[in-house]
Structure formats: C-alpha cells, structure tokens
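Fold and contact review
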Amino acid sequence: MKSIRVAVAAAAAGLALTACSSPSPVGAAAVVGSDRITVSEVNADAQAYKAALQRNNLSEADLQGVPVSHVVLQRLVNVAVTEQLLTRYNVQVSETEVDAAIKDPGQFQSAEINLLSQGVVPSDARDYGRAMVGLAKLQQQFGGESGQQRLAQEFNAVKTVVNPRYGTLNPQRSQANPGPFVDAGRFGKQADTAAQTPQG
C-alpha cells in the first residue's frame, strides 16, 4: 500500500486559512461566513471517504495520522470559502473545466486517488473541481502570480468559526502534527491562529 499525503487545501493558490475556534451554533462543525457546515455532513462525508479509501486499497493509516473527519472538514471549509469568493467576484466555471479538473491524476496513478489526497469524496468531486478552477481564475483576475497575495487576503477575510470538538487550526504542520487541526488541550488555548496550507 502506498500512503498518500493529504494536502486538503486550496492548493492551487497555496492559501492560508484563519479561523476562530469558538462556540458554534448547535450541530455545526464550522460556520464559514454565513454558510453552516453541519456535523452530520462531516460524518457522512467521512464515511464516504473511508469507503473510497478502501475501494482504492488504502486505509486511514495511509493518511499519516490525520483523522478522516479533519481531512473532510478542512476540504468542506476550503470549498465553502471559495464558493463565496467566486460568487462575490462573479467568476464562472464551465462544466467542461470541472470535468478536466476532476479527471486530472496529478502525481498519482488515478484521478480518484488524486481527489482523495485532497480530502475529496467522489460525490463532492464536482464542487471541489469547480472551486479549484475558480480559484485559479480568480487569481488570474487579481493579476496572475502577483495576485496570489490578494487572493490569500480575500480567502482569509471570509470569517470561519470551527467547532472546538475538532480542535484549532494547526498553525504549523509537522511530522508530529501533520493534520489541519490540533487538540487545543495539548498546546493551550489557541484562538485566531493561521494554518499554512501546503502545496498539493
């Protein structure tokens, strides 16, 4: 079995996400701007993600210690932030562009494993593909390479509140703590910490 490094990111732009870990509305895993990601949505996606791993002869152990719920939540948050930015700046993405994005095998032998490395379950592939193509277009709209900083600022400006049950955003991923979230209890109370999302 080959382990996959889970990027779970707005990887095309190398964006940093800032979130507060403060009380969320009941049943919410996260609140992104005015959008609510429910705990049940995270749980359902986590089950679908585990099933997709198994279909590809992978397991949770291949995620290098990152809990499936964290992988799924980070991707749901990134897509929700991106969708709000695409609406705000009227960025249009065609179905053909989405098709091409989700069929890209990236560094892996299959498109499905590439999507799994981004925390994407097959049922959410189109939303994810639309978000990634849209982010690339938005960066071009902001000036290409020189627009990356503005894109990161816009991405970071969408207020995100994560339910403390998932921990706080990991400000610096390491081999010891590779996931997007860390248990706040281990490192003291953290609030408004930025997580550097790795290049995928």
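Residues numbered from 1 in each chain as written. Predicted model: local features only at pLDDT ≥ 70, side-chain atom pairs only at ≥ 80, totals over all residues. Heavy atoms only, no water.

A closer look at the overall build of the protein chain
Within the protein chain, the secondary structure is distributed over 7 helices and 7 strands. Taking all 200 residues of the protein chain together, 50% fall into the buried category. At a minimum sequence separation of 6, the contacts of the protein chain that also span at least 24 residues come to 75%. Of the roughly 9400 Å² of accessible surface on the protein chain, a fraction of 50% belongs to carbon and sulfur atoms. (Helix = DSSP H or I, 4+ residues; strand = E, 2+ residues; numbered from the N terminus. Buried < 20%, exposed > 50% of the residue type's maximum accessible area, 1.4 Å probe, protein only. Contact = heavy atoms within 4.5 Å. Areas by Shrake-Rupley, 256 points an atom, 1.4 Å probe, with all protein chains shown as cover.)

A few points about the environment of Pro 105
Tracing the backbone through its elements, the reader meets Pro 105 in the loop between helix H3 (95-103) and helix H4 (111-117). When the C-alpha positions of Pro 105 and Leu 115 are compared, they lie 8.1 Å apart, and in sequence the two are 10 residues distant. Pro 105 has contacts with Ser 110, Ala 111 and Asn 114, leaving out every residue within four places of it along the chain.

Details of the nonpolar core
By size, the foremost hydrophobic cluster in this structure holds 47 residues, and its most contacted members are Ile 37, Val 42, Tyr 49 and Leu 73. Broken down by secondary-structure element, the contributors of at least two residues to this core are strand E2 (28-32), helix H1 (39-55), helix H2 (68-88), H3, H4, helix H5 (125-141) and helix H6 (148-157). Broken down by element, this core gets its largest block of residues, 11 residues, from H2. (Core = buried A, V, L, I, M, F, W, Y, C linked by side-chain atoms within 4.5 Å.)

Details of the pairing of E2
With respect to burial, E2 is a largely interior element, 5 of its 5 residues being buried. The hairpin formed by E2 and strand E3 (residues 35-38) contains 2 residues between the paired strands, and Gly 33 there has a positive phi angle of roughly 60°. Bridge analysis of E2 against strand E4 (residues 160-162) gives 3 bridges, and the strand direction is antiparallel. Paired with Val 31 across the bridge in E4 is Val 161. (Pairing = 2+ DSSP bridges.)

Re unusual backbone geometry
Glycine aside, negative phi is the norm for most residues, and most peptide bonds take the trans geometry. Of note, the phi angle at Asn 57 is positive, near 55°, even though the residue is not glycine. Inspection of the secondary structure puts Asn 57 in the loop between H1 and H2. Looking at Asn 57, the relative accessible area reads 59%, which means it is exposed. Despite not being glycine, Gln 64 has its phi angle at roughly 60°, a positive value. Structurally, the position occupied by Gln 64 is in the loop between H1 and H2. Using a relative accessible area of 41% as the deciding quantity, one classes Gln 64 as partly exposed.

A closer look at the pattern of salt bridges
Summed over all chains, the structure comprises 11 salt bridges. The partner of Glu 95 in a salt bridge is Arg 126, with the nearest N and O atoms 2.6 Å apart. Here the residue Glu 95 occupies a position in helix H3, and Arg 126 occupies one in helix H5, the gap between them amounting to 31 residues. Using a relative accessible area of 30% as the deciding quantity, one classes Arg 126 as partly exposed. Overlapping salt bridges, with partners in common, bring together Glu 95, Asp 99, Arg 126, Asp 127 and Arg 130 in one network. (Salt bridge = Lys/Arg side-chain N within 4 Å of Asp/Glu carboxyl O.)

Quick notes on the sheet that holds E3
In a beta sheet, neighbouring strands are held together by backbone hydrogen bonds and run either parallel or antiparallel to one another. Across the sheet, 3 strands lie side by side as E3-E2-E4; this open sheet has antiparallel pairing. Two strands lie at the open edges of the sheet, namely E3 and E4, each paired on one side alone. The mean inter-strand angle of the sheet, taken between neighbouring strand axes irrespective of direction, is 15°. Contacts from H2 reach E2, E3 and E4, with the element oriented near 25° to E2. (Axes fitted to C-alpha atoms, helices over the stretch in contact; angles between N-to-C directions.)

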